[in-house]
Amino acid sequence: IGSSAFNGCSSLTSVTIPDGVTTIGSSAFNGCSSLTSVTIPGSVTEIYNYAFYGCSSLTSVTIPDSVTEICYCAFSGCRSLTSVTIGNSVKYIENYAFDGCSGLTSVTIGNSVTFIDSDAFRGCSGLTNVTIPDSVTEIGKEAFRGCSLTSVTIGNGVTSIGSYAFYNCSSLTRVYCKAIVPPIIVNNTFDKVSATATLYVPTGCKAAYAAATEWSKFKTIEETQF
(Lines give C-alpha, C1' and ligand atoms only; values in the text may rest on other atoms or scores of the structure.)
Protein backbone atom coordinates (compact mmCIF):
# COMPACT_ATOMS: atom_id res chain seq x y z
CA ILE A 1 0.00 0.00 0.00
CA GLY A 2 1.76 3.12 -1.24
CA SER A 3 2.48 6.42 0.43
CA SER A 4 -0.61 8.55 1.13
CA ALA A 5 -2.86 5.97 -0.56
CA PHE A 6 -5.86 6.79 1.66
CA ASN A 7 -4.54 10.00 3.19
CA GLY A 8 -7.39 12.19 4.43
CA CYS A 9 -10.24 9.75 3.73
CA SER A 10 -12.09 11.14 6.71
CA SER A 11 -15.28 9.04 6.21
CA LEU A 12 -13.48 5.69 6.05
CA THR A 13 -14.57 3.60 9.05
CA SER A 14 -13.09 0.11 8.56
CA VAL A 15 -10.18 -1.45 6.68
CA THR A 16 -9.23 -5.09 6.12
CA ILE A 17 -5.82 -5.41 4.52
CA PRO A 18 -5.57 -8.67 2.54
CA ASP A 19 -2.92 -11.35 2.92
CA GLY A 20 0.03 -10.76 0.66
CA VAL A 21 0.45 -7.07 1.41
CA THR A 22 3.97 -6.58 2.78
CA THR A 23 4.23 -2.85 3.51
CA ILE A 24 1.96 -0.04 4.65
CA GLY A 25 3.49 3.09 3.17
CA SER A 26 4.15 6.48 4.71
CA SER A 27 0.94 8.37 5.55
CA ALA A 28 -1.10 5.58 3.93
CA PHE A 29 -4.05 6.19 6.27
CA ASN A 30 -2.96 9.54 7.67
CA GLY A 31 -5.92 11.59 8.87
CA CYS A 32 -8.57 8.90 8.45
CA SER A 33 -10.34 10.36 11.45
CA SER A 34 -13.39 8.04 11.31
CA LEU A 35 -11.39 4.82 11.04
CA THR A 36 -12.32 2.65 14.04
CA SER A 37 -10.80 -0.71 13.10
CA VAL A 38 -8.05 -2.07 10.92
CA THR A 39 -6.94 -5.66 10.34
CA ILE A 40 -3.25 -6.06 9.54
CA PRO A 41 -2.36 -9.45 8.02
CA GLY A 42 0.63 -11.62 8.89
CA SER A 43 2.30 -10.79 5.57
CA VAL A 44 3.05 -7.17 6.53
CA THR A 45 6.68 -6.61 7.53
CA GLU A 46 6.88 -2.82 7.87
CA ILE A 47 4.57 -0.02 8.94
CA TYR A 48 6.10 3.21 7.69
CA ASN A 49 6.17 6.80 8.97
CA TYR A 50 2.80 8.40 9.75
CA ALA A 51 0.97 5.31 8.42
CA PHE A 52 -1.98 5.79 10.81
CA TYR A 53 -1.14 9.25 12.08
CA GLY A 54 -4.17 11.11 13.42
CA CYS A 55 -6.60 8.20 13.12
CA SER A 56 -8.36 9.62 16.14
CA SER A 57 -11.22 7.06 16.21
CA LEU A 58 -9.06 3.92 16.01
CA THR A 59 -9.70 1.89 19.17
CA SER A 60 -7.36 -1.12 19.02
CA VAL A 61 -4.63 -2.59 16.88
CA THR A 62 -2.67 -5.83 16.79
CA ILE A 63 0.75 -5.71 15.16
CA PRO A 64 1.34 -9.21 13.73
CA ASP A 65 4.50 -11.20 14.37
CA SER A 66 5.62 -10.59 10.77
CA VAL A 67 6.27 -6.87 11.39
CA THR A 68 9.88 -6.03 12.27
CA GLU A 69 9.68 -2.25 12.71
CA ILE A 70 7.10 0.34 13.72
CA CYS A 71 8.32 3.55 12.18
CA TYR A 72 8.28 7.22 13.11
CA CYS A 73 4.86 8.56 14.19
CA ALA A 74 3.12 5.46 12.80
CA PHE A 75 0.22 5.70 15.28
CA SER A 76 0.85 9.12 16.74
CA GLY A 77 -2.29 11.04 17.69
CA CYS A 78 -4.57 7.99 17.77
CA ARG A 79 -6.20 9.30 20.89
CA SER A 80 -9.03 6.72 21.00
CA LEU A 81 -6.61 3.80 20.86
CA THR A 82 -7.09 1.80 24.06
CA SER A 83 -5.19 -1.42 23.36
CA VAL A 84 -2.02 -2.27 21.42
CA THR A 85 -0.39 -5.67 20.99
CA ILE A 86 3.06 -5.56 19.42
CA GLY A 87 4.11 -8.79 17.76
CA ASN A 88 7.14 -10.89 18.65
CA SER A 89 9.22 -9.98 15.59
CA VAL A 90 9.22 -6.22 16.08
CA LYS A 91 12.75 -5.09 16.93
CA TYR A 92 12.40 -1.31 16.90
CA ILE A 93 9.68 1.03 18.11
CA GLU A 94 10.74 4.33 16.58
CA ASN A 95 10.37 7.93 17.71
CA TYR A 96 6.83 9.11 18.46
CA ALA A 97 5.34 5.79 17.29
CA PHE A 98 2.46 6.06 19.78
CA ASP A 99 2.96 9.63 20.91
CA GLY A 100 -0.21 11.29 22.17
CA CYS A 101 -2.31 8.12 22.30
CA SER A 102 -4.02 9.49 25.38
CA GLY A 103 -6.66 6.74 25.59
CA LEU A 104 -4.14 3.90 25.62
CA THR A 105 -4.65 1.75 28.72
CA SER A 106 -3.01 -1.52 27.64
CA VAL A 107 0.16 -2.21 25.69
CA THR A 108 1.83 -5.57 25.20
CA ILE A 109 5.40 -5.30 23.91
CA GLY A 110 6.71 -8.34 22.07
CA ASN A 111 9.79 -10.19 23.27
CA SER A 112 11.99 -9.30 20.30
CA VAL A 113 11.97 -5.54 20.78
CA THR A 114 15.49 -4.28 21.47
CA PHE A 115 15.04 -0.51 21.30
CA ILE A 116 12.20 1.76 22.40
CA ASP A 117 13.11 5.07 20.79
CA SER A 118 12.66 8.55 22.17
CA ASP A 119 9.10 9.79 22.77
CA ALA A 120 7.67 6.45 21.63
CA PHE A 121 4.84 6.49 24.20
CA ARG A 122 5.05 10.09 25.32
CA GLY A 123 1.77 11.55 26.52
CA CYS A 124 -0.05 8.21 26.77
CA SER A 125 -1.86 9.58 29.78
CA GLY A 126 -4.18 6.58 30.19
CA LEU A 127 -1.36 4.06 30.48
CA THR A 128 -1.06 2.87 34.09
CA ASN A 129 1.43 0.01 33.87
CA VAL A 130 3.91 -1.35 31.39
CA THR A 131 6.28 -4.31 31.24
CA ILE A 132 9.42 -3.82 29.19
CA PRO A 133 10.64 -7.25 28.07
CA ASP A 134 14.11 -8.64 28.72
CA SER A 135 14.99 -8.26 25.03
CA VAL A 136 15.07 -4.46 25.28
CA THR A 137 18.55 -3.00 25.73
CA GLU A 138 17.82 0.72 25.48
CA ILE A 139 14.94 3.04 26.36
CA GLY A 140 15.17 6.39 24.62
CA LYS A 141 14.73 9.84 26.10
CA GLU A 142 11.21 10.88 27.05
CA ALA A 143 9.92 7.46 25.95
CA PHE A 144 7.15 7.38 28.58
CA ARG A 145 7.09 11.04 29.58
CA GLY A 146 3.75 12.18 30.93
CA CYS A 147 2.20 8.72 31.25
CA SER A 148 -0.04 7.94 34.24
CA LEU A 149 2.01 4.89 35.16
CA THR A 150 1.61 3.48 38.62
CA SER A 151 4.12 0.67 38.04
CA VAL A 152 6.75 -0.22 35.49
CA THR A 153 8.82 -3.37 35.08
CA ILE A 154 12.17 -2.95 33.34
CA GLY A 155 13.66 -6.10 31.83
CA ASN A 156 17.04 -7.54 32.72
CA GLY A 157 18.56 -6.67 29.33
CA VAL A 158 18.23 -2.90 29.66
CA THR A 159 21.61 -1.17 29.88
CA SER A 160 20.63 2.48 29.42
CA ILE A 161 17.60 4.72 29.91
CA GLY A 162 17.50 8.17 28.34
CA SER A 163 16.83 11.54 29.93
CA TYR A 164 13.27 12.31 31.00
CA ALA A 165 12.19 8.77 30.02
CA PHE A 166 9.73 8.66 32.93
CA TYR A 167 9.57 12.36 33.59
CA ASN A 168 6.36 13.65 35.16
CA CYS A 169 4.94 10.15 35.65
CA SER A 170 3.65 11.51 38.92
CA SER A 171 1.50 8.47 39.78
CA LEU A 172 4.42 6.04 39.62
CA THR A 173 4.81 4.26 42.96
CA ARG A 174 6.62 1.02 41.99
CA VAL A 175 9.63 0.59 39.72
CA TYR A 176 10.82 -2.99 39.18
CA CYS A 177 14.26 -3.16 37.58
CA LYS A 178 15.39 -6.71 36.85
CA ALA A 179 18.90 -5.79 35.67
CA ILE A 180 21.69 -7.07 37.90
CA VAL A 181 23.97 -4.23 36.80
CA PRO A 182 22.20 -0.89 37.27
CA PRO A 183 21.40 0.57 33.82
CA ILE A 184 23.02 3.86 32.98
CA ILE A 185 20.53 6.67 33.48
CA VAL A 186 20.96 10.40 33.30
CA ASN A 187 19.60 13.37 35.15
CA ASN A 188 15.81 13.70 35.24
CA THR A 189 15.07 10.15 34.03
CA PHE A 190 12.86 9.58 37.07
CA ASP A 191 12.40 13.20 38.02
CA LYS A 192 9.46 13.81 40.41
CA VAL A 193 9.26 10.05 41.00
CA SER A 194 12.33 8.85 42.85
CA ALA A 195 11.52 10.64 46.09
CA THR A 196 8.22 8.79 46.58
CA ALA A 197 8.33 5.58 44.52
CA THR A 198 9.79 2.29 45.72
CA LEU A 199 12.52 0.74 43.59
CA TYR A 200 12.62 -3.07 43.53
CA VAL A 201 15.89 -4.68 42.43
CA PRO A 202 17.26 -8.25 42.23
CA THR A 203 18.33 -9.95 45.44
CA GLY A 204 21.88 -8.94 46.34
CA CYS A 205 21.87 -5.79 44.17
CA LYS A 206 20.59 -3.14 46.58
CA ALA A 207 24.05 -1.80 47.39
CA ALA A 208 24.94 -1.42 43.71
CA TYR A 209 21.79 0.59 42.98
CA ALA A 210 22.17 2.69 46.12
CA ALA A 211 25.66 3.64 44.93
CA ALA A 212 24.75 4.24 41.29
CA THR A 213 24.31 7.72 39.87
CA GLU A 214 20.65 8.76 39.76
CA TRP A 215 19.37 5.40 41.06
CA SER A 216 20.58 6.52 44.46
CA LYS A 217 17.90 9.23 44.42
CA PHE A 218 15.26 6.59 45.17
CA LYS A 219 14.54 6.97 48.88
CA THR A 220 13.30 3.39 49.18
CA ILE A 221 15.09 0.47 47.54
CA GLU A 222 13.96 -3.09 48.19
CA GLU A 223 15.36 -6.41 47.05
CA THR A 224 13.11 -9.04 45.50
CA GLN A 225 13.30 -12.25 43.48
CA PHE A 226 12.15 -11.92 39.88
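Basis of the calculations
Residues numbered from 1 in each chain as written. Predicted model: local features only at pLDDT ≥ 70, side-chain atom pairs only at ≥ 80, totals over all residues. Heavy atoms only, no water. Helix = DSSP H or I, 4+ residues; strand = E, 2+ residues; numbered from the N terminus. Rg over C-alpha atoms; globule rule 2.2 N^0.38 Å. Buried < 20%, exposed > 50% of the residue type's maximum accessible area, 1.4 Å probe, protein only. Contact = heavy atoms within 4.5 Å. Areas by Shrake-Rupley, 256 points an atom, 1.4 Å probe, with all protein chains shown as cover. Lys, Arg positive; Asp, Glu negative; His and termini not counted. Charge placed at Lys NZ, Arg CZ, Asp CG, Glu CD. Salt bridge = Lys/Arg side-chain N within 4 Å of Asp/Glu carboxyl O. Pairing = 2+ DSSP bridges. Axes fitted to C-alpha atoms, helices over the stretch in contact; angles between N-to-C directions. Polar contact = N/O pair within 3.5 Å; in protein donor to acceptor, adjacent residues only side chain to side chain.

## Let's talk about the overall build of the chain
And then number 1: Each helix and strand counted, the chain has one helix and 18 strands in total.
And then number 2: Since a compact globule built from 226 residues should have a radius of gyration of about 17 Å, the 18 Å found for the chain is in line with a globular shape.
And then number 3: Principal axes of the C-alpha set define a box for the chain whose edges measure 55 × 30 × 25 Å.
And then number 4: Put simply, the chain has 226 residues, and 47% of those count as buried.
And then number 5: For the chain, the proportion of contacts with a sequence separation of at least 24, taken over those separated by at least 6, is 29%.
And then number 6: When the accessible area of the chain is evaluated, it comes to approximately 9,100 Å², of which 46% is carbon and sulfur surface.
And then number 7: Within the chain, one finds 11 positive and 15 negative side-chain charges whose respective centroids are separated by 10 Å.

## Topic: the pattern of salt bridges
And then number 1: Tallied over the full model, the rule gives six salt bridges.
And then number 2: Put simply, Lys178 and Asp134 hold a salt bridge, and the shortest N to O gap is 3.1 Å. Here Lys178 is found in the loop between strand 15 (174–177) and strand 16 (184–185), whereas its partner Asp134 is found in the loop between strand 11 (129–132) and strand 12 (138–139), with 44 residues between them in sequence.
And then number 3: Given the relative accessible area of 23%, Lys178 is considered partly exposed.

## Description of the sheet that holds strand 18 (residues 220–224)
And then number 1: Strand order in this open sheet of five strands is 11-13-15-17-18, and the pairing throughout is parallel. Each end of this open sheet is capped by a strand with a single partner; those strands are strand 11 and strand 18. For this sheet, the mean inter-axis angle between neighbouring strands, taken without regard to orientation, is 15°.
And then number 2: Summarising the sheet, strand 17 (residues 198–202) and strand 18 pair through five bridges and their orientation is parallel. Looking at the pairing, Leu199 lines up with Ile221 of strand 18.

## Quick look at the pairing of strand 15
And then number 1: The two faces of strand 15 differ: Val175 and Cys177 on one face are buried, but Arg174 and Tyr176 on the other face are not.
And then number 2: As paired strands, strand 13 (residues 151–154) and strand 15 are joined by four bridges and run parallel to one another. Within the sheet, the bridge partner assigned to Ser151 lies in strand 15 and is Arg174.
And then number 3: The pairing of strand 15 with strand 17 spans three bridges and is parallel. In the sheet register, Tyr176 faces strand 17, and the bridge partner there is Tyr200.

## Here we look at the side chain of Ser66
And then number 1: Inspection of the secondary structure puts Ser66 in the loop between strand 5 (60–63) and strand 6 (69–70).
And then number 2: Exposure remark for Ser66: the relative accessible area of 18% places this residue in the buried category.
And then number 3: A polar side-chain atom of Ser66 sits 2.5 Å from the main-chain carbonyl oxygen of Val44.
And then number 4: Discounting chain neighbours no more than four positions away, the residues touching Ser66 are Pro41, Gly42, Ser43, Val44, Thr45 and Ser89.

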